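Architecture and fold: a report
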Amino acid sequence: NYHVIIPFENVNDKIIIPVTIGNESYRFMLDTGAPCAISSNIAGKIGLKADTSVIIADQSKKEKLYSFGCINKIEIAGISFDSVPIIIGNEFGSAFSCLNIDGIIGSNLLRNSIVQFSYQKGQIILTDQFKKLNIDSINISPMILSEDQSIPFIQFIYSPSIKKFKKKMGSYAMFDSGSDDFISISFHNLEYSDSVGLAPKVLAESFGSNTFGLHGAAKNSISYLLDLPIFSIGHSVFLNGTASTTIGNSSVIGTQLLKYGTVTIDYINKQFCFKPKTAEESVIDVIRKRFPIDPGFNGDTLVVGQIWDDKLLKEIEVGDRILSINDINTENITPCDMISGNTFKNIEELTLRIETKNKGVISFTLEKTYFKEQLKRYKKNQTIDWYNVYGVRSF
C-alpha cells in the first residue's frame, strides 16, 4: 500500500536516485538490467558481510568474481526493503567512481513493485497500486521476468523492409535502464533472424569498441549498425530506427526510449506500458544523425574506437590516437568524461587531429549525417496510417 514520487538525477542518461541505509543517504543508480550492488567501502561502513561469492558477467560478457551478501534494510523514499541479496564489489570498473555512486538498485529489489519512469518530469513513481497510475489499457503489453533476478523483457517487433512490412520478426528484449543506448540487437537474435530471411539491413560495420559496461571498456569486436525501417515496442510504432549490435545474450532496449514517452515496468502483474509524450503521437519517427567515427579508449588514451565510413579507412585506423577535438587537447579527457557526460554529444561538427600509424598527424572535419536510406524514407511523404496498417499485436 505505497505510492511515492522520487525525483532523479540524470547523469548522461543514467538514472541516479537517493537511497537511505542506516539513516544515511547514498547515491544509487537504478538499473533494471542488473542485480543490486554496493561498494565494498559502504558495505564495510554498515557492517554488511559476505555470505558467498558469485561470478557476474556484464553485457559485453566480461566476467568478475564478487562477494555476495544480504542487506537487511534499505530505504527508497521511505519505503523499506528487507533481506535483499546484494553484490559487494571491491571495484566495479570505472562506473561507480565516474558516476559518483555508492551502488545499484536492481530488479531483484524491485520485483514486488511497479516502477514508472518519466524523463519529462524527471521523476520515478514507485508503487504497488497499478490503478493509481491511470494507465490506458491500450498501452499495456505482456512482459517476461528472468527467473533469477526478475530482469524485465518486453515485446520488440520489427520488419526488415517497409515495403514488405507484413513480414515481421518478434522477440523479447531486456529493458535495461542502465543502458544509455536505444536498441541493441544481440548476435544470437541477429543470426536467427538471418536464418529465416528476416535480418535487418546492415547500414555500416566496424571492428573496435566504444562502449563501457559494469566491468569497464568492452573488448574490440565486430559491430554492426542495423536499419529498422519500422518497428514496435509494446503497442507503439516507430519509424527509421537504428540498432547497434551487442555480444550479450539478449537484445536490449535502453533509456533512449524514455525520451519518447513514459515507461511503466509492472513487476507484480508482469506487464509493460509505454505512453508516447503526446496522445496524437501514435507513430514516432526516431531518425537521427551520427558521426562516421566513435571515440574509444586504450587505457586512459583517447583513440578512434570505431569507424563507420569505409572511406575513412584509407586515412585512419581503429586505435589511432585522437590528439584534439575542436582545438581542445584530449590529454585531460578521461573515460569518466564519456561515462558521466560526453562533452561532444550535442555538437554537429568536429575538427579532429589524429596521430596515425602510417601518415603522421592529420587533421580533418567530420559532420553528423543521416544514413541515405533513412533520409530518403524520411523525406518521402508518408500518407499511410502506419499504426493501424502495421497491426501491432501481442505475439
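Every chain is numbered independently, its residues counted from 1 as its sequence is written. A pLDDT threshold of at least 70 governs which residues receive local features in this predicted model, and a stricter bar of 80 or more applies before side-chain atom pairs are shown or counted, although totals over entire chains, interfaces and linings include all residues. For side-chain calculations, the full set of non-hydrogen atoms in the structure is used, while hydrogens and water are omitted.

Attention now moves to the overall build of the chain. The number of helices and strands found in the chain is seven helices and 32 strands. Burial classes: relative accessible area under 20% of the type maximum marks a residue as buried, over 50% as exposed, and values in between as partly exposed (1.4 Å probe, protein chains only). Looking at the chain as a whole, 53% of its 395 residues are labelled buried. Contacts are assigned to residue pairs that have any heavy atoms within 4.5 Å of one another. Taking as baseline every contact in the chain between residues at least 6 positions apart, the subset at least 24 positions apart corresponds to 64%. A total of about 18800 Å² of accessible surface is found on the chain, and carbon and sulfur atoms cover 48% of it. Under the scheme used here, helices are H or I runs from DSSP no shorter than 4 residues and strands are E runs no shorter than 2 residues, and both carry numbers assigned from the N terminus. We get accessible surface area from the Shrake-Rupley algorithm with a probe of 1.4 Å; when it comes to residues, only the shown protein chains can shield them.

Another point: unusual backbone geometry. Even without a glycine there, the phi angle at Ser83 is positive, about 55°. For Ser83, the location among the structural elements is in the loop between β9 (79-81) and β10 (84-89). With phi around 60°, Ser150 is a residue other than glycine that occupies positive phi space. As for its placement among the helices and strands, Ser150 is situated in the loop between β14 (140-145) and β15 (152-159). Here Ser150 falls in the buried class, since its relative accessible area comes to 9%.

Moving on to the environment of Arg111. Looking at where Arg111 falls in the secondary structure, it is placed in the loop between α3 (107-110) and β12 (114-118). Separated by 154 residues in the primary sequence, Arg111 and Ile265 have C-alpha atoms spaced 9.7 Å apart. From its side chain, Arg111 meets the backbone oxygen of Asn108 in a polar contact 3.5 Å long. Think of a polar contact as two N or O atoms within 3.5 Å of one another; within protein, one of them needs to be a possible hydrogen donor and the other a possible acceptor, and neighboring residues in sequence only count if both atoms come from side chains.

Disulfides are defined as pairs of cysteine sulfur atoms found within 2.5 Å of each other. For the structure shown, the criterion picks out one disulfide. Paired through a disulfide, Cys98 and Cys336 show a sulfur-sulfur distance of 1.9 Å. Disulfide Cys98-Cys336: the torsion about the S-S bond is -80°, which places it as left-handed. Here Cys98 is found in helix α2 (residues 95-99), whereas its partner Cys336 is found in helix α5 (residues 335-340), with 238 residues between them in sequence.

Let's shift gears to the packing of aromatic side chains. The rule is short: rings of Phe, Tyr and Trp, with Trp giving its six-membered ring, pair when the centres are within 6.5 Å, and they are stacked under 30 degrees, edge-to-face over 60, tilted in between. What the rule picks out here adds up to eleven aromatic pairs. Between Phe182 and Phe238 the ring centres are 6.1 Å apart and the planes differ by 75°, which places this aromatic pair in the edge-to-face class. Remark: Phe238 occurs in strand β22 (residues 236-246) and Phe182 occurs in the loop between β16 (169-175) and β17 (183-186); sequence separation between them is 56 residues. Judged by its relative accessible area of 0%, Phe238 is buried. On the basis of an interplanar angle of 65° and a centroid distance of 6.0 Å, the ring pair of Phe187 and Tyr224 is categorised as edge-to-face. Taken as a pair, Phe187 in helix α4 (residues 187-195) and Tyr224 in strand β21 (residues 221-233) lie far apart in primary sequence, 37 residues in all. Members of the aromatic cluster, each reached through a chain of ring pairs, are Phe156, Tyr158, Phe182, Phe231, Phe238, Tyr260 and Phe274.

On to the pattern of salt bridges, then. The salt bridge definition used is simple: a Lys or Arg side-chain nitrogen within 4 Å of an Asp or Glu carboxyl oxygen. This model, assessed by the stated rule, comprises eleven salt bridges. One salt bridge connects Asp294 with Arg290, and the closest N-O pair in it is separated by 3.0 Å. For the pair Asp294 and Arg290, a shared accessibility class is recorded, and that class is buried. One salt bridge in this structure joins Lys359 and Glu315, with 3.5 Å as the shortest N-O distance. Of this pair, Lys359 sits in the loop between β31 (349-355) and β32 (361-367) while Glu315 sits in the loop between β28 (301-307) and β29 (321-325); the two residues are 44 residues apart in sequence, bridging distant segments of the chain. Taking the relative accessible area as the measure of exposure, Lys359 reaches 46% and is therefore partly exposed.

All right, on to empty space enclosed by the protein then. Using protein atoms alone on a 1 Å grid, points that fit a 1.4 Å probe yet trap it form a cavity, whereas open point sets bounded by protein on both sides within 12 Å along at least five of seven lines form a pocket; residues with an atom within 4 Å of a point count as lining. Grid points are joined across faces, edges and corners, and a volume is the space filled by probe spheres set on the points. Summed over the entire model, instances satisfying the criterion amount to two cavities of 30 Å³ or more. There is about 70 Å³ of room inside the largest cavity. Around the largest cavity, the lining residues are Phe156, Tyr158, Met169, Gly170, Ser171, Ile185, Asn189, Leu190, Ser193 and Ser251. Those elements that place two or more of their residues in the lining of the largest cavity are β15, β16 and α4. Considered class by class, the residues forming the lining of the largest cavity number five nonpolar, five polar and no charged. The calculated volume of the second largest cavity comes to roughly 40 Å³. Along its surface, the second largest cavity is lined by Ile6, Ile17, Leu30, Ile76, Ile105, Leu110, Val115, Ile124 and Leu126. Amino acids are sorted into nonpolar (Ala, Val, Leu, Ile, Met, Phe, Trp, Tyr, Cys and Pro), charged (Asp, Glu, Lys and Arg) and polar (every other residue, Gly among them).

To continue, consider the pairing of β22. The buried count for β22 comes to eleven of eleven residues, which makes it a mostly enclosed element. Each pair of strands is called paired provided DSSP finds at least two bridges between the two strands. The pairing of β17 with β22 spans three bridges and is classified as parallel. Note that in β22 the partner of Ser184 across the bridge is Ser244. Relative to β22, β21 runs antiparallel, the two sharing eight bridges. Bridging from a neighbouring strand, Leu225 pairs with Ser244 of β22. The hairpin turn running from β21 into β22, its antiparallel successor, is two residues long, and Gly234 in that turn takes a positive phi close to 65°.

Once that is clear, we can look at α4. Residues Phe187, Leu190 and Ser193 constitute the buried set of α4. In a view along the axis of α4, the buried residues occupy a sector of 125°, so they form one face of it. Summarising the geometry of α4, the exposed residues directed more than 90 degrees from the buried face are His188, Glu191, Tyr192 and Ser195. Where the residues of α4 are buried, they touch β15, β16, β17, β21 and β22. Of the residues flanking the end of α4, it is Gly197, one or two places downstream, whose phi is positive at about 75°. Throughout, the arc means the angular range of directions from the helix axis out to the C-beta atoms.

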